[in-house]
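Observations on the three-dimensional arrangement
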Amino acid sequence: STWNTSPDGTGQTITATSSIAGNGTIDLYAVKTTVLVASSNPSDLTATAGEPFVYPVSVQTTDGQKVDPQPAIEYLPLDCTVGPDNVFTVAGPCLISANTTEGPPLFVNFTVTVVPAAPVELAVAPAPGTATPITDGSTVDFSVTGKDAYGNVTDTTEATLTSSRSTDTVAGRSVTF
């Protein structure tokens, strides 16, 4: 068994082989083995560019119970930049290293997937290979691309094309003029 001179585990660690010299009594507290755990749920590990993110990490006993109170945990991005309030701006995977800064030293690495924010810019262009000039009766396929406020390419599958001419026929991303 492991014991500690402080109920929160921050004092002197005492084991069966520890030597304690002196007179008097000392209060000892049983110490449960703890681990630093990052969620494995993909939705907990997904951040949206530009939005504050809460790291899904906690100190738990080996039987999965969260320690209360939680010790302070420090987070260090290993291959990306994270701003104040844990705001990511670049879409893609980001490896984070977490460690406790009080109590027994515990460590865990995990990856946050950063997804683009909503598009703030859309570009519509004829698909490559479109014959020019475009004449009445021609059907043109268009591509739609988007970017968020941080320059990340966004999903544009929900973008809808319309035409201001009542004689044009729009079908998805194709327009017949």
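Now for a description of the structure that goes with this document.

The rules behind each value
- Position labels on residues start from 1 in each chain and follow its written sequence.
- Selection of residues for local features in this predicted model requires a pLDDT of at least 70, selection of side-chain atom pairs for listing and counting requires 80 or more, and totals for whole chains, interfaces and linings are taken over all residues.
- Side-chain figures throughout are based on the complete set of non-hydrogen atoms in the structure, without hydrogens or water.
- Going along the chain from the N terminus, every DSSP run of H or I of four or more residues is numbered as a helix, and every run of E of two or more is numbered as a strand.
- Only protein chains enter the accessibility calculation, which uses a 1.4 Å probe. A residue is then buried if its area is under 20% of the maximum for its type, exposed if over 50%, and partly exposed in between.
- By the criterion applied in these results, polar contacts are pairs of N or O atoms within 3.5 Å in which, for protein atoms, one can donate a hydrogen and the other can accept it, and in which residues neighboring in sequence qualify only through two side-chain atoms.
- By definition in these notes, contact holds between two residues if any of their heavy atoms fall within 4.5 Å.
- Paired strands, as defined in this entry, are two strands with at least two bridges between them according to DSSP.
- Residues grouped as a nonpolar core are buried Ala, Val, Leu, Ile, Met, Phe, Trp, Tyr and Cys residues, joined through side-chain atoms within 4.5 Å.
- Like charges within 9 Å and nonpolar side chains (Val, Leu, Ile, Met, Phe, Trp, Tyr) within 5 Å are joined into patches, using only residues over 30% in relative accessible area that form no salt bridge.
- Surface exposure here means Shrake-Rupley accessible area, sampled with a 1.4 Å probe, where a residue is shielded only by the protein chains that are shown.
- Think of a salt bridge as a Lys or Arg side-chain nitrogen and an Asp or Glu carboxyl oxygen that are within 4 Å of each other.
- Cysteine sulfur atoms are paired as a disulfide whenever they come within 2.5 Å of each other.

1. Remarks on the side chain of aspartate 168
If you trace the backbone, aspartate 168 turns up in the loop between β14 (153-154) and β15 (169-171). Residue classification places aspartate 168 among the buried residues on the basis of a relative accessible area of 10%. Separated by 2.6 Å, the side chains of aspartate 168 and serine 163 make a polar contact. Within the structure, aspartate 168 has its side chain in polar contact with the side chain of arginine 165 (distance 3.1 Å). Contacts of aspartate 168, omitting those with residues within four sequence positions, involve Ser163, Val175, Thr176 and Phe177.

2. Here's the deal with the sheet that holds strand β2 (residues 13-14)
In space, the 3 strands of this open sheet follow the order β2-β1-β3, with antiparallel pairing throughout. At either margin of the open sheet sits one strand with a lone partner, and together these are β2 and β3 (29-30).

3. Some details on the nonpolar core
By size, the foremost hydrophobic cluster in this structure holds 19 residues, and its most contacted members are Leu36, Tyr55, Val57, Phe88, Phe110 and Val112. Among the secondary structure elements, those contributing two or more residues to this core are β4 (34-38), β6 (57-61), β10 (92-100) and β11 (107-115). Top element by residues in this core is β11. It accounts for 4 residues. Discounting residues that sit within four places of it in the chain, phenylalanine 110 has contacts with Ala38, Leu45, Tyr55, Val57, Tyr75, Cys94, Leu95, Ile96 and Ala98.

4. Focus on a nonpolar patch on the surface
A cluster of nonpolar side chains, contributed by Trp3, Ile20, Ile26 and Leu28, occupies part of the molecular surface with about 350 Å² of accessible area. Residue position: isoleucine 26 is located in the loop between β2 and β3. Residue class for isoleucine 26 comes out partly exposed when judged on its relative accessible area of 44%.

5. A short note on the pairing of β4
Here β4 shows a clear split, with Thr34, Leu36 and Ala38 buried on one side and none of Val35 and Val37 buried on the other. Pairing analysis gives 5 bridges linking β4 to β6, with the strands arranged antiparallel. Directly across from alanine 38, in β6, lies its bridge partner valine 57.

6. So, the state of the cysteines
The tally for this structure, following the rule as stated, stands at 1 disulfide. One disulfide in the model links cysteine 80 with cysteine 94; its S-S distance is 1.6 Å. With cysteine 80 in the loop between β7 (73-77) and β8 (82-83) and cysteine 94 in strand β10, the pair connects residues that are 14 residues apart, well separated along the chain. By relative accessible area, which is 25% here, cysteine 80 ends up partly exposed.

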